[in-house]
Amino acid sequence: MEKRASAKKTAKKATPVRKAAPVKEAAAAPRKAAAAVKKASATKTVATKPPGNESRTALVRRARRINRELAEVFPYAHPELDFENPFQLIVATVLSAQTTDLRVNQTTPALFARYPTPEDLAAANPEEVEEILRPTGFFRAKTKSVIGLSKALVENFGGEVPGRLEDLVTLPGVGRKTAFVVLGNAFGRPGITVDTHFMRLVRRWRWTDETDPDKIEAAVSALFPKSDWTDLSHHVIWHGRRICHARKPACGACPIAPLCPAYGEGETDPEKARKLLKYEKGGFPGQRLNPPQAYLDAGGKAAPPLGATG
């Protein structure tokens, strides 16, 4: 009876969520943990159907509040791939499949030093590129993709990365996810990046029940103004990498626990949960070796120098 009373009391404090949501004892501990965490530190729009018995208005309010909370926790959220121009960003994004951004950042300096332009990479010897890309895994397929997209840039776009979605997705190895990374971060054109972290979290938060990336993109974009899409993607992805992990989310150290219908799926004890935190939220820096000054000014830290991490 006491647990039921506690759950009802918690539900009143948070934005209304599905009745069956496991929000037991989600008020005091996560809020204290949230303070500790802070110290430690062109898509189609559709009318989405709110999950459970949550009204659409309540869903929109809860979703936007989650984004605002995450913006406070990660004020320096940004793409974690080092790049100086659109060409470097699109190549790095293709290389980031099935590996960490840090590993890509450790690999691309040598690649771009040897092949600084699409023309250079298009004419490269595949075996030499493979040797450079070997640490990223799947290096043969990735070599084929980056050389192929470089040739397409030279032959179809005058050696320049196009700034339109419909053009970007024609490049080898470039899908909507990669295209939106490039559009949002190299051209300042809003887009939602639906990677594995994004898909996992928006379903945990019951923003959508969709499983197809394109449908998830459409459903989530309908909850936010277009101007929020790029930063929203960063906030969600950073939270997924650092706190809301796939196998063992750190629920007890989560700053948005009172708003999360999935609270309790992971470790709820604040002290144990804090040990699960990754990257700078656990006392470690981000993944960029050469982050932008704005990231540093907002409190972010650069990754360790090359060779300092495994």
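Calculation rules
Residues numbered from 1 in each chain as written. Predicted model: local features only at pLDDT ≥ 70, side-chain atom pairs only at ≥ 80, totals over all residues. Heavy atoms only, no water. Axes fitted to C-alpha atoms, helices over the stretch in contact; angles between N-to-C directions. Helix = DSSP H or I, 4+ residues; strand = E, 2+ residues; numbered from the N terminus. Parallel < 35°, antiparallel > 145°, perpendicular 65-115°, else oblique. Left-handed = near helix turned anticlockwise from the far one by under 90°. Contact = heavy atoms within 4.5 Å. Nonpolar A, V, L, I, M, F, W, Y, C, P; charged D, E, K, R; others polar. Salt bridge = Lys/Arg side-chain N within 4 Å of Asp/Glu carboxyl O. Buried < 20%, exposed > 50% of the residue type's maximum accessible area, 1.4 Å probe, protein only.

(A) Inspection of the packing of helix α4 (residues 86-95) against helix α10 (residues 176-186) at higher detail. Between α4 and α10, whose axes approach to 10 Å, the crossing angle comes to 150 degrees. In terms of orientation, α4 lies roughly antiparallel with respect to α10. Considering how the two elements wind past one another, α4 and α10 form a crossing that is right-handed. Residues P86, L89, I90, T93 and V94 of α4 pack against T178, V181, V182, N185 and A186 of α10. Residue composition of the contact of α4 with α10, by class: 7 nonpolar, 3 polar and no charged.

(B) Local environment of the pattern of salt bridges. Overall, the coordinates contain 14 salt bridges when judged by the stated rule. Note that E128 is salt-bridged to R114, the shortest N-O span being 2.9 Å. Placement of the pair is E128 in helix α7 (residues 126-133) and R114 in helix α5 (residues 101-114), with a sequence separation of 14 residues. Take R114: its relative accessible area is 47%, and that puts it in the partly exposed class. In this structure, the salt-bridge partner of R134 is E131, at a minimum N-O distance of 3.4 Å.

(C) Focus on the packing of helix α11 (residues 196-204) against helix α13 (residues 229-242). Interhelical geometry of α11 versus α13 gives an angle of 90 degrees and a closest axis separation of 8 Å. Compared by their axis directions, α11 and α13 come out roughly perpendicular. Contacts from H197, F198, R200 and L201 of α11 reach α13 at S233, V236, I237, H239, G240 and R241. Partitioned by chemical class, the residues of the contact of α11 with α13 number 4 nonpolar, 4 polar and 2 charged.

(D) Quick look at the environment of N290. With respect to the element layout, N290 can be found in the loop between α14 (270-274) and α15 (293-297). With 15 residues separating them along the chain, N290 and P305 place their C-alpha atoms 9.5 Å apart.

This is a description of form; function is not addressed.
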